Amino acid sequence: MKLKIFVTLKPGVLDPQGKAIHHALESLGFAGVNDVRAGKLIELEVADATTDAQIDEMCRQLLANTVIENYRVERA
């Protein structure tokens, strides 16, 4: 089974990478971009027998820092 794990910063957490991207877009002349939040996409291929609880534990223990990040799982 293929999974896509989307990890994003929680609202209110400073995002220096997003700010750098925003500044670079403005410097390149792209107007109208109000805000940028950067995140990461992790693609996993796991055994079909892998449970939702196991996937959740993978995310909580390694793939996302749940203190400052949210994650969302999609089956691909």
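This text goes with the structure placed above it.
Right, let's walk through the structure included here. Remember, it's a predicted structure, so these values are computed and weren't measured experimentally. (Residues numbered from 1 in each chain as written. Predicted model: local features only at pLDDT ≥ 70, side-chain atom pairs only at ≥ 80, totals over all residues. Heavy atoms only, no water.)

## A closer look at the environment of Val 13
The criterion, for reference: Strands here mean DSSP runs of E at least two residues long; helices mean DSSP runs of H or I at least four residues long; both are numbered from the N terminus. Contacts were defined at the residue level, with two residues in contact if any of their heavy atoms lie within 4.5 Å.
Mapped onto the fold, Val 13 is located in the loop between β1 (2–9) and α1 (16–27). Along the backbone, Val 13 and Ile 68 are 55 residues apart, and their C-alpha atoms lie at a distance of 6.7 Å. Not counting chain neighbours up to four residues away, the residues in contact with Val 13 comprise Arg 37 and Ile 68.

## Some points on the packing of aromatic side chains
Filter applied, for reference: Only centres within 6.5 Å qualify two rings of Phe, Tyr or Trp (six-membered ring in Trp) as a pair; their planes then separate them into stacked at under 30 degrees, edge-to-face at over 60, and tilted for everything else. Geometrically, a charge over a ring is one whose NZ (Lys) or CZ (Arg) sits within 6 Å of the ring centre while staying within 35 degrees of the ring normal.
Going through the model one piece at a time under the given rule, you end up with zero aromatic pairs. Over the aromatic face of Phe 6 sits the side chain of Arg 72, whose NZ or CZ is 4.3 Å from the ring centroid.

Such coordinate-based values are descriptive only and should not be taken to indicate function.
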